[in-house]
Amino acid sequence: MSAANLVDQLLCENLKALQPYQSARRLFSGEGAGEKGIDGADENQPAWLNANESPFANEYTLNCASLNRYPDCQPPSVIKAYAKYAGVTPAQTLTSRGADEGIELLIRAFCTPGQDKILICPPTYGMYAISAETFNIGVEKAPLNHDFSLDLEAIKAQVGKVKLVFICSPNNPTGTDVGKQQLIQVLEAFAGKALVVVDEAYIEFTQQGSWADELANYSNLVVLRTLSKAFALAGIRCGFTLADEAVIQALLKVIAPYPVPEPVAQIAKQALSDSGLQRTRNQVAIINQQKQQLQQQLAQIPQVTLVGDTAANFILFRTGQKQALFESLVAKNILIRDQSKQLNLDNCLRITIGNDRQNKMVLSAIQQFFQQESSNS
Ligand code: PMP
């Protein structure tokens, strides 16, 4: 029997139709970037504006003296530093391979395959549903309203039917913050029934306060965080789950024995030092300023309609010529993200804020595309 036939025979039923998450890097590989990295000044390098990464590549030092040893499961210095940064206690803090692993751990710890369900509010980040599906966990949907606020009626209708509620704020890909009053209603509706997971991957870019401050008030609140966005460390895969100590202890039952590689711990610690935090704040300010400029300039293009908000590090817009524009940008080595398959986001594209050069490149390429379009018609 061929391996392919054996796989057909053995593969879990729930995985047969599953499409893996089409991450930005799976769609366009970063391999071949060379020593300068993908943000080097090389004009031939694509402008990577498709994965909501930071355009800043910062320097770190690495001490190899203990690489022969397994690392701590939860490196205390990283846990302490992140807890301090987030204003929670170390016992309320777990670190993992990106926020993505936090999502997976929550599902594995709290949902029984073939029996339990999670709730998501699309359009939103794709990994909640994919992670659930890989473990044969059902996915209920309460789509966002047309202004991308939560549909509280639809959400409350799921009380008692789901174990986890995933709410992304600022939401990817709409860039909208979830209103505080709305979230309080969700937390109260599911009190004693389900965990409400607030994904704050983009929290540093918004003026809205973090839900980490509310952990003491809501025992069913879980907050997800990451170093991949504002901290410019998507390459090290380091995220955090903040929750009541009892929730963290449950997640530690299912986490791998050594989930945080030693080099990751060393780099995370430097990023969370006083000077690291200051650098992050400076870089966030630059990105937010660039975002405002790009947003204003895109808004002046008649064929472009801005969609949602810009609370995170990206801009979402709609255009009737979505496909042709996307392809013309790819041809110019400018990679942005097609979001048009998401619920209510037909013809929508998402641009991650890059550095000044990349933002200018993408803007002028879009302007040129529409100038050419109108001269052709
Ligand atoms: N949550 C959201 C909303 C995201 O957009 C992403 C990454 N694109 C993640 C979580 C995953 O982050 P990480 O890199 O920490 O796994």
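Thresholds applied
Residues numbered from 1 in each chain as written. Predicted model: local features only at pLDDT ≥ 70, side-chain atom pairs only at ≥ 80, totals over all residues. Heavy atoms only, no water. Buried < 20%, exposed > 50% of the residue type's maximum accessible area, 1.4 Å probe, protein only. Helix = DSSP H or I, 4+ residues; strand = E, 2+ residues; numbered from the N terminus. Arc of directions from axis to C-beta. Near = heavy atom within 4 Å. Polar contact = N/O pair within 3.5 Å; in protein donor to acceptor, adjacent residues only side chain to side chain. Nonpolar A, V, L, I, M, F, W, Y, C, P; charged D, E, K, R; others polar. Salt bridge = Lys/Arg side-chain N within 4 Å of Asp/Glu carboxyl O. Pairing = 2+ DSSP bridges. Domains from an automatic or database assignment. Contact = heavy atoms within 4.5 Å. Buried area = accessible area lost by both parts, 1.4 Å probe.

Draft legend 1. Layout of helix α8 (residues 245-254). For α8, the complete set of buried residues consists of Val247, Ile248, Ala250 and Leu251. Viewed end-on, α8 has its buried residues packed into an arc of 160°, placing them on one side of the element. Facing away from the buried side of α8 by over 90 degrees, the exposed positions are Ala246 and Lys253.

Draft legend 2. Representation of the site of the ligand in the model. The environment of the ligand is formed by 13 residues, the closest being Ala99, Asp199, Tyr202, Thr226 and Ser228. Taking Asn172, its side chain carries an N or O atom lying 2.8 Å from an oxygen atom of the ligand. Taking Asp199, its side chain carries an N or O atom lying 2.6 Å from a nitrogen atom of the ligand. Among the elements that line the shell around the ligand, the one with the most residues is helix α4 (residues 98-110), at three residues. Split into classes, the residues belonging to the shell around the ligand amount to five nonpolar, four polar and four charged.

Draft legend 3. Main features of the pattern of salt bridges. Taken as a whole, this structure holds eleven salt bridges when the rule is applied. The residue Asp356 makes a salt bridge to Lys360 at a minimum N-O spacing of 2.8 Å. A residue pair is termed a helical-turn pair when its members lie 3 or 4 positions apart in one helix, as Asp356 and Lys360 do in helix α12 (residues 356-376) at four residues. Taking relative accessible area as the criterion, Asp356 reaches 33% and is therefore assigned partly exposed. Residue classification places Lys360 among the exposed residues on the basis of a relative accessible area of 52%.

Draft legend 4. Region of the structure containing the pairing of strand β10 (residues 314-318). Burial analysis of β10 places four of its five residues in the buried class, the great majority of the element. As paired strands, strand β9 (residues 305-307) and β10 are joined by three bridges and run antiparallel to one another. Within β10, the position partnered with Val307 by the bridge is Leu316. Where β9 folds back on β10, the antiparallel hairpin that results is connected by six residues, among which Gly308 adopts a positive phi of roughly 70°. Relative to strand β13 (residues 348-352), β10 runs antiparallel, the two sharing five bridges. Across the sheet, the residue bridging to Phe314 is Thr352, located in β13.

Draft legend 5. Just the sheet that holds strand β12 (residues 337-338), in detail. A sheet is described by the order of its strands in space; here four strands give the open sequence β9-β10-β13-β12, paired in antiparallel fashion. Looking along the sheet, the strands with just one partner apiece sit at the ends: β9 and β12.

Draft legend 6. Summary view of the domain arrangement of the chain. Examined at the domain level, the chain breaks down into domain 1 (17-57 + 283-376) and domain 2 (76-275). One C-alpha centre belongs to domain 1, the other to domain 2, and the line joining them spans 26 Å. At the interface, 29 residues of domain 1 touch 30 residues of domain 2. Buried surface at the junction of domain 1 and domain 2, summed over both partners, amounts to about 2,100 Å²; 65% is from carbon and sulfur atoms.

Draft legend 7. Fine view of the environment of Asn171. Following the sequence through the fold, Asn171 ends up in the loop between β5 (164-168) and α7 (180-189). The exposure class of Asn171 is buried, given its relative accessible area of 3%. Leave out the neighbours within four places in its chain, and Asn171 touches Pro123, Thr124, Tyr125, Leu144, Thr176 and Phe314. A polar contact is formed between the side chain of Asn171 and the side chain of Thr124, at a distance of 2.8 Å.

Draft legend 8. Molecular detail of helix α11 (residues 322-331). Listed as buried for α11 are Lys322, Leu325, Phe326 and Leu329. Buried residues in α11, looked at end-on, bunch into an arc of 100°, giving them a common side. Among the structural elements, β10, β11 (334-335), β12, β13 and α12 are those in contact with the buried residues of α11. In the segment just after α11, Asn333 is the residue with positive phi, at about 65°.

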